[in-house]
Amino acid sequence: MRGVALREVWEETGVKAMPLGTGIFDVDVHTIPANSREAAHYHYDIRFLLEADPVQKIERNHEAKEVRWVPMEEARLYNASESILRMWRKNSPNV
């Protein structure tokens, strides 16, 4: 599963990343509303903590809405959803 995550990062951003730790970092479960193709359902995001060299150029593909390098301590300023804040708290020793 971790190999799939590393491949997705590379395919969607052009960034080569390395895993930090050996297991799953976070699981986010949220509802996808019903639409013309499918009924409402739960979606599971399995997340791994990765590290990459910030001098790597980001070359996002059509699947990545927005990608940017930000300092970890500022990540919550760009997206304050509970899903992101939970991951930020897990990775911030001073919280």
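Let me begin by describing the structure that accompanies this report. (Residues numbered from 1 in each chain as written. Predicted model: local features only at pLDDT ≥ 70, side-chain atom pairs only at ≥ 80, totals over all residues. Heavy atoms only, no water.)

## A word on the overall build of the protein chain
Applied cut-off: Secondary structure elements are taken from DSSP: a helix is a run of H or I of four residues or more, a strand is a run of E of two residues or more, and numbering for both begins at the N terminus. We call two residues in contact whenever any of their non-hydrogen atoms come within 4.5 Å of each other. Counted as positive: Lys and Arg. Counted as negative: Asp and Glu. His and the chain ends are not counted at all. Where a charge lies is defined by one atom per residue type: Lys uses NZ, Arg uses CZ, Asp uses CG and Glu uses CD.
Counting its regular elements, the protein chain contains three helices and four strands. In the protein chain, the succession of helices and strands from N to C terminus is α-β-β-β-β-α-α. Considered along the principal axes of its C-alpha atoms, the protein chain spans approximately 40 × 30 × 25 Å. Relative to all contacts within the protein chain whose residues are 6 or more apart in sequence, the contacts with residues 24 or more apart total 50%. Here the protein chain contributes 13 positive and 15 negative side-chain charges, whose respective centroids are spaced 1 Å apart.

## Re the packing of aromatic side chains
The geometry of an aromatic ring pair is captured by two quantities: the separation of the ring centres and the angle between the planes. Just so we agree on the cut-off: Two rings from Phe, Tyr or Trp (for Trp, the six-membered ring) form a pair when their centres are within 6.5 Å of each other. A pair whose planes differ by under 30 degrees is stacked, one over 60 is edge-to-face, and the rest are tilted. When the NZ atom of lysine or the CZ atom of arginine is within 6 Å of a ring's centre and also within 35 degrees of its normal, the charge is said to sit over that ring.
Going through the model one piece at a time under the given rule, you end up with zero aromatic pairs. Here the basic side chain of Lys90 rests over the ring of Phe25, its NZ or CZ set 5.6 Å away from the ring centre.

## Regarding the environment of Met87
With respect to the helices, strands and loops of the structure, Met87 is situated in helix α3 (residues 82-91). Excluding its chain neighbours within four sequence positions, the residues that come into contact with Met87 are Phe25, Asp26 and Arg47.

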